[in-house]
There are 2 protein chains.
Amino acid sequence: MKQATKETLLSVAIELFAEYGYDKVSIRDIAEKAKANSSMISYYFGSKQNLYDAALEKQAGNLQEFLSPSTVALSPQKILQLYADTLQEIHEKNPTLMKFICWEFKTPSAHPETFIKQRLKRVYELISQAISRGIDDGSFREDLDIHSTAIVLAGIVNFYYISRDLRTRISSVADNDECYMKQAMKIFFDGIKRRQL
Amino acid sequence: MKQATKETLLSVAIELFAEYGYDKVSIRDIAEKAKANSSMISYYFGSKQNLYDAALEKQAGNLQEFLSPSTVALSPQKILQLYADTLQEIHEKNPTLMKFICWEFKTPSAHPETFIKQRLKRVYELISQAISRGIDDGSFREDLDIHSTAIVLAGIVNFYYISRDLRTRISSVADNDECYMKQAMKIFFDGIKRRQL
DNA sequence: GTCTATATTGCGATAGAC
DNA sequence: GTCTATCGCAATATAGAC
């Protein structure tokens, strides 16, 4: 009945895996920081891998908002903007999720079919459809390649967060999330907008 | 005198580290694939970490071209386009370098001050200056934030490669590097271009 | 230079007392 | 549920023969 230990282990695992990645974190590290015994991880989760998966899935719930059924009813521009806003919000409220996704980028083979990948797939489809509709209704350029445009948007929004750690080491310029996203989306929308002749 | 073993170990190390990352590759894996004894790694490089650093630095030489002194003399547009072209070329000719850089994005703390980071810093400065000059000479929008614009460009160009492994699992759309880069840079340049009133 | 053999460490996992 | 103790394994690194 005392599941406090399980919860603590999970939240510590999320914290440490997000920061250092799967390989660099031992179950002993997690147990120590959670003030629990390392054998409790086997007891509650079965294995280190299962604990990681549990951590990943718990974080994945945060992509829910963007994927709500009402999203598809929005205009193409609104959907693309919502994607950017949602990622910005997720990062503010829960930076660890982005860390997990980044780790997945790096070692995709580690966890073949996770919940998070299914979510990402849905996100990609939503964006692609929005771009396609935007072209059809005349608001975006006709010569846009849908796949490429989707990657450009994803790159603009995600690279900022993916590269943050490295950037702060290289450059002395301080980040301003609000400012970046506004500037970036202006460039993006100006770049895909249909020109008046 | 017979340094063939050393060279083989290094090239195998580059291959394996790029593919699986530092943690997932053991010195035994490297030695086996190089048909050498694992103790040869200590003999030639001292440690696994030193071998990794050697692999990283050897790869970093490939960023040279973009950083040649003649680059700074080009027009802002040309410099930004050259950045995209160079990364595309690097990836085609030497995909392992990009893998290394991707690993550095994920675990930047692992190797505090590497050669590669100095190169990246120089690249960032070149791009920033190009954007700044483009604003001054009236070819780019005046309201551009230099830092944000530089990250947008870097994101557009790099995210495509960073995300490739994961994307191919999620989406069935085949990549076409040439097509992507052309589309992406058109969006980018249209997005930062100064509008005629 | 290259090999075998081994020292040493740290890992994930589990058995079993309480 | 939680602990101690330990097993079994794989890793890096090294000592020493050749």
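What you are looking at is a predicted structure, and each value in this text was computed from that prediction instead of being measured.

**Focus: the overall build of chain A**
(1) Moving on: Along its length, chain A carries ten helices and zero strands.
(2) Moving on: When its C-alpha atoms are laid out on the principal axes, chain A stretches across 70 × 40 × 30 Å.
(3) Moving on: The buried share of chain A, reckoned over its 197 residues, is 51%.
(4) Moving on: Sequence-distant contacts in chain A: of pairs separated by 6 or more residues, those separated by 24 or more amount to 68%.
(5) Moving on: About 9,400 Å² of surface is accessible on chain A, with carbon and sulfur atoms providing 52% of the total.
(6) Moving on: Computed over 26 positive and 25 negative side-chain charges, the inter-centroid distance for chain A is 2 Å.

**Notes on the packing of helix H5 (residues 76-93) of chain A against helix H7 (residues 115-136) of chain A**
Residues and elements named next belong to chain A.
(1) Moving on: Direction vectors running N to C along H5 and H7 enclose 145°, while the axes themselves pass 8 Å from each other. Relative to H7, H5 is oriented so that their crossing is left-handed. Counted together, Pro76, Ile79, Leu80 and Tyr83 of H5 and Val123, Leu126, Ile127, Ala130, Ile131, Arg133 and Gly134 of H7 form the full contact between these two elements.
(2) Moving on: Considering only residue class, the contact of H5 with H7 consists of nine nonpolar, one polar and one charged.

**Quick word on the domain arrangement of chain A**
Residues and elements named next belong to chain A.
(1) Moving on: Its domain assignment divides chain A into domain 1 (4-56) and domain 2 (64-192).
(2) Moving on: If you average the C-alpha positions of domain 1 and of domain 2, the two centres end up 29 Å apart.
(3) Moving on: At the junction of the two partners, domain 1 supplies eleven residues and domain 2 supplies eight residues.
(4) Moving on: It is Ala18, Tyr52 and Leu56 that lose the most area in domain 1 upon contact with domain 2, and together they represent 59% of the buried surface on that side.
(5) Moving on: Scanning the region where domain 1 abuts domain 2 turns up zero salt bridges.
(6) Moving on: Our count for the domain 1 to domain 2 interface comes out at two residue pairs in polar contact (both at pLDDT 80 or more).
(7) Moving on: Among the elements of the structure, helix H1 (4-20) and helix H4 (48-60) are those that each provide at least two residues to the side of domain 1 that touches domain 2.
(8) Moving on: Split by residue class, the side of domain 1 that touches domain 2 holds seven nonpolar, two polar and two charged.

**Quick word on the nonpolar core**
(1) Moving on: Of all hydrophobic cores here, the largest spans 133 residues; its most connected members are A:Ile30, A:Leu80, A:Phe188, B:Ile30, B:Leu80 and B:Phe188.
(2) Moving on: Those residues in contact with A:Leu80 that lie beyond four places of it in its chain are A:Ile127, A:Ala130, A:Ile131, A:Phe140, A:Leu153, A:Met185, A:Phe188, A:Phe189 and A:Ile192.

**Regarding the interface of chain A and chain B**
(1) Moving on: Contact residues are listed per partner, giving 51 residues for chain A and 52 residues for chain B.
(2) Moving on: For the chain A and chain B pair, buried surface summed over both sides reaches about 4,800 Å², with 71% attributable to carbon and sulfur atoms.
(3) Moving on: By the criterion of area lost to chain B, the three top residues of chain A are A:Lys106, A:Phe159 and A:Ile187, representing 15% of everything that side buries.
(4) Moving on: Where chain A meets chain B, there are four salt bridges.
(5) Moving on: Across the contact surface, chain A and chain B share ten residue pairs in polar contact (both at pLDDT 80 or more).

**Quick word on the relation of the copies chain A and chain B**
Each of the two chain copies goes to the other by way of a rotation about an axis and a shift along it.
(1) Moving on: For the pair chain A and chain B, the superposition axis carries a translation of 0.0 Å, the fit reaches an RMSD of 0.2 Å, and the rotation angle comes to 180°. Read as a symmetry element, the transformation amounts to a two-fold axis. The position closest to the rotation axis in chain A is occupied by the C-alpha of A:Gly191, lying 2.0 Å away.
(2) Moving on: Both copies contact each other with a shared surface, as 100% of the interface residues of chain A are interface residues in chain B too.

**Focus: helix H10 (residues 177-192) of chain A**
(1) Moving on: Taking 1.5 Å per residue as the helical rise, H10(A) with its 16 residues ought to reach 22 Å, and the 22 Å between its terminal C-alpha atoms agrees with that figure.
(2) Moving on: Extensive coverage of H10(A) is indicated by the burial of twelve of its 16 residues.
(3) Moving on: Buried residues along H10(A) sit in contact with H5, helix H8 (146-162) and helix H9 (164-170) of chain A together with helix H8 (146-162) and helix H10 (177-192) of chain B.
(4) Moving on: At the N-terminal end of H10(A), a side-chain oxygen is found 3.2 Å from the backbone nitrogen of A:Glu178, two or three residues along, and the residue is A:Asn176.

**Regarding the packing of aromatic side chains**
(1) Moving on: For the structure on display, the rule yields 18 aromatic pairs over all chains.
(2) Moving on: Each ring, one from A:Tyr52 and one from A:Phe100, has its centre 5.6 Å from the other, and the planes form 45°; the classification is tilted. With a gap of 48 residues between them, A:Tyr52 in helix H4 and A:Phe100 in helix H6 (residues 95-106) connect regions that are remote in the sequence.
(3) Moving on: Judged by its relative accessible area of 0%, A:Phe100 is buried.
(4) Moving on: Cation over ring: B:Lys48 sits above B:Tyr22, and NZ or CZ is 4.4 Å from the ring centre.

**What about the UniProt feature "domain: HTH tetR-type" (unreviewed entry) in chain A?**
(1) Moving on: The UniProt record annotates "domain: HTH tetR-type" (unreviewed entry) at residues 3-63 of chain A.
(2) Moving on: The span residues 3-63 of chain A shows a helical share of 72% and a strand share of 0%, and its end C-alpha atoms are spaced 26 Å apart.

**Brief notes about the pattern of salt bridges**
Any two side chains of opposite charge can pair, on the condition that their charged atoms come close.
(1) Moving on: Overall, the coordinates contain 24 salt bridges over all chains when judged by the stated rule.
(2) Moving on: Notably, a salt bridge pairs A:Asp190 with A:Lys193, separated by 3.4 Å at the nearest N-O pair.
(3) Moving on: The exposure class assigned to A:Asp190 is buried, which follows from its relative accessible area of 8%.
(4) Moving on: On the accessibility criterion, A:Lys193 (39% relative accessible area) is partly exposed.
(5) Moving on: When salt bridges that share partners are traced, they join A:Arg141, A:Asp143, B:Lys186, B:Asp190 and B:Lys193 into one network.

Reading guide: rules and limits
- Residues numbered from 1 in each chain as written.
- Chains lettered and ligands numbered in written order.
- Predicted model: local features only at pLDDT ≥ 70, side-chain atom pairs only at ≥ 80, totals over all residues.
- Heavy atoms only, no water.
- Helix = DSSP H or I, 4+ residues; strand = E, 2+ residues; numbered from the N terminus.
- Buried < 20%, exposed > 50% of the residue type's maximum accessible area, 1.4 Å probe, protein only.
- Contact = heavy atoms within 4.5 Å.
- Areas by Shrake-Rupley, 256 points an atom, 1.4 Å probe, with all protein chains shown as cover.
- Lys, Arg positive; Asp, Glu negative; His and termini not counted.
- Charge placed at Lys NZ, Arg CZ, Asp CG, Glu CD.
- Axes fitted to C-alpha atoms, helices over the stretch in contact; angles between N-to-C directions.
- Left-handed = near helix turned anticlockwise from the far one by under 90°.
- Nonpolar A, V, L, I, M, F, W, Y, C, P; charged D, E, K, R; others polar.
- Domains from an automatic or database assignment.
- Buried area = accessible area lost by both parts, 1.4 Å probe.
- Salt bridge = Lys/Arg side-chain N within 4 Å of Asp/Glu carboxyl O.
- Polar contact = N/O pair within 3.5 Å; in protein donor to acceptor, adjacent residues only side chain to side chain.
- Core = buried A, V, L, I, M, F, W, Y, C linked by side-chain atoms within 4.5 Å.
- Least-squares fit on C-alpha atoms with pLDDT ≥ 70 in both.
- Expected span 1.5 Å × (residues − 1).
- Phe/Tyr/Trp six-rings, centres within 6.5 Å; stacked < 30°, edge-to-face > 60°.
- Lys NZ or Arg CZ within 6 Å of the ring centre and 35° of its normal.
- UniProt positions renumbered as here; feature names shortened; annotations may be inferred.

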